[in-house]
Amino acid sequence: MAIFPSREWVEAVLQAAEKSEKYKEAAKDWEGDFLSIIEGDEEFVRDLSRREVMEGFISFLDMMPSEARKKFKGTPMGDVFEKKLGVPLDTPADKFSIDEMTSMASKLSAEDIKGACTYFWSDFWHGSVRAMKPVAPGEHEDATFKLSGKYSAWKLMVSGRQDTIRLVMSNKLKLEGDMSYVMKHMKAVVALTKEVFAGVPID
Amino acid sequence: MVLKGGDKGESIPFDAPLYDINRERGIEYRNCDALAAVFMITGDINEILPEGLEPFSDPPQGIIWISRYSYSTLGQYNEQISLIMVKDIHGEMGYYIPYIYVTNDAAMAAGRELAGAPKKLADIDIKNKLDFLEGTLERPSGKRLITFTFKPVERAMGSVVEAYFPYPTPLLSVRHLPWVKEPGDGLTQLISWYVEIDFHKDPKGESTIWMGPASITYDSPSELDPVHKLKFDEVLGATYFQFDMKLNVKEVQKEY
């Protein structure tokens, strides 16, 4: 079971996409990158107070160059790190005290992380996932599609418990971009959830 | 003018038209509700698509719609529509209607004569049963062609709803008048028409669209009314909504 989001999860998703013939076939015509925005919520706070989730989340952010991490300064997520968890943004990941951060996270409320967002960028191209990585605020703003929503909604999607279309229809996830293109390639969207994301069980 | 005494409308009999249409406002509907489900079609639909139209997506997508119109300028009636998402002559997305059923004669005649919607009369209903809404199509009475069971769970909104029901929602059908003396003196045209769906708002300003799980079955397939030709494995999304609507014709896209 992988933690979402974590380095392990990203690697497992890339592997699942590579292995899935159904996904490759369904998405063979798809061209378009996604900027994904995960907004912190009550469930995120609750999960962060588990050591393995904090460790996974730090491993995810560690995929970003430290220079990029500094771009969070002054954002709600930057404030969570610097003011609520006491970690300067340029701290190397191996210097993080996971236990201490977990303990501090357990004292946070949803209000404390209001507006705090994590960003990741994925490049889907003709049935392959050419890239999936965390990015800093402002990066890849020109992505073909933007998918945003609360952490709890993201977990529903990446676990395969609810499909992307229903989450977008209920406004739990907000999809921006050329919807005509999405409708034309609905099979790829469905396969991404069912064949790739759901193939990576999350904790 | 056709009648020596002057026509009283656009449909026959001209001295007592079965339906009429205000060209500017179209056909108007108030206080309607509908069940609609979107799905990916399995199997070949080429045999029921007219020349000039291609599926919009691969696989093609379809919609089954069952509605109640408590008031319209064609009277009160219910309707069932099977739709296929297609690319029209201009390459734009639209919905082609292979099958459509209504419960009154004015709606049937107007649909067939104005837009080429291949309407037939049938028994169509939406009933509240337990915690479900159940839409049904029977033709003739007792021969159940479709049962659409829906459980409203949460509100639907956002870009997907707008994408499936854009404003206006383009429709396509084939208007046909058989020839009389020889092939060529009849009429066969691909007609583009549209509906403007105005979803009702609740007191908080939210659209009254609900989504939830749905079950759609072709209970007793009939070769005489083969709505079951729109085969599917799984419903992508199902909704129940309350709305007002306007319907009008747009252009002849193709002569056959």
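See the structure above.
What this report covers is the structure whose coordinates are included nearby. (Residues numbered from 1 in each chain as written. Chains lettered and ligands numbered in written order. Predicted model: local features only at pLDDT ≥ 70, side-chain atom pairs only at ≥ 80, totals over all residues. Heavy atoms only, no water.)

## Re the environment of A:L61
Residue and element names in this part refer to chain A.
For step 1, the next point in the chain: Relative to the assigned elements, L61 resides in helix α4 (residues 51-61).
For step 2, the next point in the chain: The sequence separation of L61 and S6 amounts to 55 residues, and the corresponding C-alpha distance is 7.8 Å.
For step 3, the next point in the chain: Not counting residues up to four positions away in its chain, the partners in contact with L61 are R69, F81 and T118. (Helix = DSSP H or I, 4+ residues; strand = E, 2+ residues; numbered from the N terminus. Contact = heavy atoms within 4.5 Å.)

## With respect to the packing of aromatic side chains
Residue and element names in this part refer to chain A.
For step 1, the next point in the chain: Applying the stated rule across the entire model yields 29 aromatic pairs over all chains.
For step 2, the next point in the chain: Measuring from ring centre to ring centre gives 5.5 Å for W30 and F145, while their planes differ by 35°; the resulting arrangement is tilted. Within this pair, whereas W30 is found in the loop between α2 (21-26) and β1 (31-39), its partner F145 is found in strand β4 (residues 145-150), the two being separated by 115 residues in sequence.
For step 3, the next point in the chain: An angle of 40° between the planes, with centres 6.2 Å apart, marks the rings of F72 and Y119 as tilted. Within this pair, whereas F72 is found in the loop between α5 (66-69) and α6 (76-84), its partner Y119 is found in strand β2 (residues 117-125), the two being separated by 47 residues in sequence.
For step 4, the next point in the chain: Exposure remark for F72: the relative accessible area of 5% places this residue in the buried category. (Phe/Tyr/Trp six-rings, centres within 6.5 Å; stacked < 30°, edge-to-face > 60°. Buried < 20%, exposed > 50% of the residue type's maximum accessible area, 1.4 Å probe, protein only.)

## Some details on the pairing of strand β3 (residues 61-72) of chain B
For step 1, the next point in the chain: A large share of β3(B) lies buried, amounting to 9 of its 12 residues.
For step 2, the next point in the chain: Remark: 4 residues form the turn of the hairpin made by β3(B) and strand β4 (residues 77-87) of chain B, two consecutive strands paired antiparallel; B:G75 in that turn has positive phi of roughly 95°. (Pairing = 2+ DSSP bridges.)

## Brief notes about the sheet that holds β1(A)
All names here are of chain A.
For step 1, the next point in the chain: Read across the sheet, 5 strands follow the order β3-β2-β1-β4-β5 without closing on themselves; strand pairing throughout is mixed. Looking at strand neighbours, the two that pair on one side only are β3 (128-135) and β5 (173-176), the edges of this open sheet. Pairs of neighbouring strands in the sheet enclose a mean axial angle of 15°, with direction left out of account.
For step 2, the next point in the chain: The sheet contact formed by β1 and β4 spans 6 bridges and is parallel. Along β4, the bridge assignment pairs I37 with S148. (Axes fitted to C-alpha atoms, helices over the stretch in contact; angles between N-to-C directions.)

## Considerations on the pattern of salt bridges
All names here are of chain A.
For step 1, the next point in the chain: Throughout the structure, instances matching the rule amount to 33 salt bridges over all chains.
For step 2, the next point in the chain: A salt bridge links K24 to E21; the shortest N-O distance between them is 3.7 Å. Here the residue K24 and the residue E21 both occupy positions in helix α2, the gap between them amounting to 3 residues, near one helical turn.
For step 3, the next point in the chain: Look at E21 and you get exposed, because its relative accessible area is 56%.
For step 4, the next point in the chain: Residues joined in a network through salt bridges with shared partners are R7, D62 and R69. (Salt bridge = Lys/Arg side-chain N within 4 Å of Asp/Glu carboxyl O.)

## What about the environment of A:G160?
Residue and element names in this part refer to chain A.
For step 1, the next point in the chain: By secondary structure assignment, the location of G160 is in the loop between α8 (151-158) and α9 (164-169).
For step 2, the next point in the chain: Between the alpha carbons of G160 and V196 there is a distance of 9.0 Å; along the sequence they are 36 residues apart.
For step 3, the next point in the chain: Here G160 is in contact with T193 and A198, once residues within four sequence places are set aside.

## Here we look at the sheet that holds strand β9 (residues 144-150) of chain B
All names here are of chain B.
For step 1, the next point in the chain: One open sheet holds the 4 strands; their spatial order is β7-β8-β9-β14, and the pairing between them is antiparallel. Each edge of the open sheet is held by one strand with a lone partner, namely β7 (123-129) and β14 (214-217). Within this sheet the neighbouring strands show an average axis-to-axis angle of 10°, counted without direction.

## Notes on α6(A)
Residues and elements named next belong to chain A.
For step 1, the next point in the chain: Among the residues making up α6, those that are buried are M77, G78, V80 and F81. Taken around the axis of α6, the buried residues stretch over an arc of 160°, which confines them to a single face.
For step 2, the next point in the chain: Those residues of α6 that are buried are in contact with α3 (42-48), α4, α7 (98-105) and β2.
For step 3, the next point in the chain: G86, located one to two residues past α6, shows a positive phi value of around 70°. (Arc of directions from axis to C-beta.)

## Thoughts on the interface of chain B and chain A
For step 1, the next point in the chain: Of the residues lining the interface, 25 residues belong to chain B; the matching set on chain A comes to 16 residues.
For step 2, the next point in the chain: With both chains or domains summed, chain B and chain A bury close to 1,800 Å², and 63% of this area falls on carbon and sulfur atoms.
For step 3, the next point in the chain: Among the residues of chain B in contact with chain A, B:F56, B:V160 and B:L236 are the three that bury the most area, contributing 27% of the side total.
For step 4, the next point in the chain: Summed over the shared surface of chain B and chain A, the result is 2 salt bridges.
For step 5, the next point in the chain: Summed over the shared surface of chain B and chain A, the result is 7 residue pairs in polar contact (both at pLDDT 80 or more).
For step 6, the next point in the chain: Listed by contribution, the elements that provide at least two residues to the side of chain B that touches chain A are β5 (93-102), β10 (154-155), α2 (159-164) and β15 (231-255) of chain B. (Buried area = accessible area lost by both parts, 1.4 Å probe. Polar contact = N/O pair within 3.5 Å; in protein donor to acceptor, adjacent residues only side chain to side chain.)

## Topic: the side chain of A:S148
Residue and element names in this part refer to chain A.
For step 1, the next point in the chain: With respect to the helices, strands and loops of the structure, S148 is situated in strand β4.
For step 2, the next point in the chain: On the accessibility criterion, S148 (10% relative accessible area) is buried.
For step 3, the next point in the chain: Excluding residues that lie within four positions of it along the chain, S148 makes contacts with I37, E39, W154, K172, L173 and K174.

## A short note on unusual backbone geometry
For step 1, the next point in the chain: Omega for the peptide link from A:F4 to A:P5 comes to -10°, which places this bond in the cis form.
For step 2, the next point in the chain: Tracing the chain through its elements places A:P5 in the segment before α1 (7-19).
For step 3, the next point in the chain: The peptide bond linking B:I12 to B:P13 adopts the cis configuration, its omega dihedral lying at -5°.
For step 4, the next point in the chain: With respect to the secondary-structure elements, B:P13 resides in the segment before β1 (27-42).
For step 5, the next point in the chain: Positive phi, close to 45°, is recorded for A:H126, a residue that is not glycine.
For step 6, the next point in the chain: For A:H126, the position within the fold is in the loop between β2 and β3.
For step 7, the next point in the chain: Located in the positive-phi region is A:H140, a residue other than glycine, with phi close to 55°.

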